[in-house]
Amino acid sequence: MAAGNERSMKALKEVWKRAENSLCADCGKPDPDWASSTLGVFICLSCSGIHRNIPSISKVKSLKMDYWDDAQVQFLAKHGNAVTKAIYEAHIPIYYYQPTYNDCQVLREQWIRAKYERKEFTEPGKQLPYSDGVKEGILWKRGRDNGQFLPRKFLLSEREGCLKYFTKQDAKEPKINVKIDVINATFQPEKIGNPNGLQITYLKDNKTRNIFVYHESGKEVVDWFNAIRSVQFHYLKVAFPIASDNEIKNRLTRNFLKEGYMEKTGPKQREAFKKRWFTLDHRRLMYFKDPLDAFAKGEVFVGSGDNGYSVQKGLPSGTQGNFSWHYGITIVTPDREYLFTCETETDQLEWVRAFTSVINQAMTPQEYASKCLDAVSFPS
């Protein structure tokens, strides 16, 4: 019996060491140490918890702590991540967002359920709930003034190229009508205080507006998210006919590069520093009094190093404004310097790294057109 166990463990380790099994089959996290004995995939601890909630589809075991018999090891050897992904990920729409281990629980769970439970990607041309160019339904939206979440009707239309929402079910005119190409959507469960919280951001008069929504169903809110990406993709295919699918995919919804609190001072650099919530959305740095504010209090364009932009640790000598946090950051632009302070050195280094990643990228023609934002100063 002991010899049999030793033989099984040796065979298990050989399958486990295959290059195809070195990343979690669902989120890409390195060094997965769990596996599904019914699907044949190697997965991380976090994804194994999601699999465990679908017991009719997947039965998971630890590769280190659990016993694997010969038949189970042979099943893993026959399948593995490459073979199983070829089946369950055969026909993923290019616009569909495939989450990583850095993404929130609802995105990862619905990705796993879409693959193995609903088998959405196993057949070509399958009709999907986010792929027909129109989506209508109720989302719970946070009120701009009172902060209450109330049910609102939303309508997404590929034909009209827009997203609308209505304050009443029977309203004929929408409260907003936003062009699909100026919309971003990103999951924000912690900020919104709901595991299915989605932040929809759009530009109006070259200013950023935020809408915070959620739905009780994780599937429904992720379907809305991918429906937005689907409509965006097809809209941009028409607008940019010579662009490749991957180029267009890179212009769909995106996560913010960095968010968090910093202190800031005004343009004269003599005012007291004030604590504000900052969001870096590629080249837009915005700040808010509260993370759930609908409108930014100020924005600044962060250009490239070739155009005179840079970031430095610390504040200029002789800075006069009073500040309670002592890890400074200076953003240098062709017109002025922006001064910030962070609470910890870790925050400072993370913000500097995020700013540097943007500044090191060459600017596109579209971004040159957006440089007018650089003239927007930070009010107090």
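Calculation rules
- The residue numbering used here restarts from 1 in each chain and proceeds along that chain's sequence as written.
- Local features in this predicted model are restricted to residues whose pLDDT is 70 or higher, and side-chain atom pairs enter the listing and the counts only when it is 80 or higher, whereas totals over whole chains, interfaces and linings include all residues.
- Hydrogens are left out, water is left out, and the side-chain values use all remaining heavy atoms of the structure.
- Numbering of helices and strands runs from the N terminus; a helix is a DSSP stretch of H or I covering at least four residues, while a strand is a stretch of E covering at least two.
- A simple rule labels every residue: compare its accessible area, found with a 1.4 Å probe on the protein chains alone, to the largest value its type can have, and call it buried under 20%, exposed over 50%, or partly exposed in between.
- For this analysis, residues touch if any pair of their heavy atoms sits within 4.5 Å.
- With residues, only the protein chains shown are counted as cover, and all accessible areas are computed by Shrake-Rupley using a 1.4 Å probe.
- In this text, buried Ala, Val, Leu, Ile, Met, Phe, Trp, Tyr and Cys residues form a nonpolar core when linked through side-chain atoms within 4.5 Å.
- For the domain bounds, the source is a domain assignment made automatically or taken from a database.
- UniProt positions are given in the numbering used here, feature names are shortened, and annotations may be inferred rather than shown by experiment.
- Here, a salt bridge means any Lys or Arg side-chain nitrogen found within 4 Å of an Asp or Glu carboxyl oxygen.
- Any residue that is not Ala, Val, Leu, Ile, Met, Phe, Trp, Tyr, Cys, Pro, Asp, Glu, Lys or Arg is counted as polar, Gly included; the first ten are nonpolar and the last four charged.
- Strands are labelled as partners when DSSP assigns at least two bridges between them.
- Fitted lines through C-alpha atoms serve as axes, helices being fitted only where they are in contact, and the angles separating the N-to-C directions of these axes extend from 0 to 180 degrees.
- An expected span of 1.5 Å times one less than the residue number is assigned to each helix.
- Throughout, the arc means that of the directions going from the helix axis to the C-beta atoms.

1. Quick look at the overall build of the protein
Step number 1: Along the backbone of the protein there are 10 helices and 17 strands.
Step number 2: Taking the principal axes of its C-alpha atoms as reference, the protein extends roughly 80 × 55 × 45 Å.
Step number 3: With 380 residues in all, the protein has 49% of them scored as buried.
Step number 4: Pairs at least 24 residues apart make up 54% of the contacts formed inside the protein by residues separated by at least 6 positions.
Step number 5: For the protein, the exposed surface amounts to about 18,600 Å²; the carbon and sulfur share of it is 49%.

2. Structural notes on the nonpolar core
Step number 1: With 54 residues, the main nonpolar core has I43, L156, I183, F187, L198 and I200 as its most contacted residues.
Step number 2: The element contributing the most residues to this core is helix α7 (residues 218–239), with nine residues.
Step number 3: Mapped onto the domain boundaries, this core takes at least three residues apiece from domain 1 (1–117) and domain 2 (134–250).
Step number 4: Look past the residues within four positions of I43 in its chain and what remains in contact with it is C24, A25, D26, P32, D33, W34, A35, S48, H51 and V60.
Step number 5: One finds F278, F340, C342 and F355 within the second-largest nonpolar core, a separate group that totals 22 residues.

3. So, the UniProt feature "domain: PH" (unreviewed entry) in the protein
Step number 1: When the UniProt feature table is mapped onto this chain numbering, "domain: PH" (unreviewed entry) sits at residues 132–233 and 255–360.
Step number 2: Within the segment residues 132–233, helix and strand shares are 20% and 46% respectively, and the terminal C-alpha atoms sit 12 Å apart.
Step number 3: Counting secondary structure, residues 255–360 comes out at 14% helix and 38% strand; the distance between its end C-alpha atoms is 19 Å.

4. Re the pattern of salt bridges
Pairing is possible between side chains of opposite charge, provided their charged atoms come close.
Step number 1: Enumeration over the complete set of coordinates arrives at 18 salt bridges.
Step number 2: A salt bridge links R159 to E160, with the nearest nitrogen and oxygen atoms 3.8 Å apart.
Step number 3: Classification of R159 as exposed rests on a relative accessible area of 74%.
Step number 4: Residue E160 is classed as partly exposed on the basis of its relative accessible area, which comes to 38%.
Step number 5: E160 is paired through a salt bridge with K164; the nearest N and O atoms lie 2.9 Å apart.
Step number 6: Judged by relative accessible area, which is 12%, K164 ranks as buried.

5. Regarding the domain arrangement of the protein
Step number 1: Along its sequence, the protein is organised into domain 1 (1–117), domain 2 (134–250) and domain 3 (258–376).
Step number 2: Placing a centre on the C-alpha atoms of domain 1 and another on those of domain 2 gives a separation of 33 Å.
Step number 3: Contact with domain 1, which involves eight residues of that partner, is made by 17 residues of domain 2.
Step number 4: Here domain 1 and domain 2 share zero salt bridges between them.
Step number 5: Here the side of domain 1 that touches domain 2 is built from residues that sort into seven nonpolar, one polar and no charged.

6. Brief notes about the sheet that holds strand β13 (residues 284–288)
Sheets are built from strands that pair by backbone hydrogen bonding, the pairs being arranged parallel or antiparallel.
Step number 1: Judged by pairing direction, the sheet is antiparallel, and its seven strands sit side by side in the order β14-β13-β12-β11-β17-β16-β15 without closing on themselves. Lying at the two open borders of the sheet, with one neighbouring strand each, are β14 (298–301) and β15 (310–313). Ignoring which end each strand starts from, the neighbouring axes of this sheet average 35 degrees apart.
Step number 2: One ladder, built from six bridges, connects strand β16 (residues 327–332) with strand β17 (residues 337–342); its direction is antiparallel. Among the inter-strand pairings, I331 is bridged to a residue of β17, identified as Y338.

7. A closer look at helix α9 (residues 345–359)
Residues spaced three or four apart along an α-helix face the same direction, because each turn holds 3.6 residues.
Step number 1: The terminal C-alpha atoms of α9 lie 21 Å apart, and with 15 residues this matches the ideal 21 Å at 1.5 Å per residue to within 8%.
Step number 2: Along α9, the residues classified as buried are Q348, W351, V352, A354, F355, V358 and I359. One face of α9 carries all of its buried residues, which in axial projection span an arc of 165 degrees.
Step number 3: Along its buried surface, α9 packs onto β11 (258–264), β12 (274–281), β13, β15, β16 and β17.

8. Description of the environment of P93
Step number 1: Tracing the backbone through its elements, the reader meets P93 in the loop between α4 (80–88) and α5 (105–117).
Step number 2: Given the relative accessible area of 16%, P93 is considered buried.
Step number 3: C-alpha separation for the pair P93 and D145, spaced 52 residues apart in sequence, amounts to 38 Å.
Step number 4: Residues contacting P93, with those up to four places away along its chain left out, are F121 and L128.

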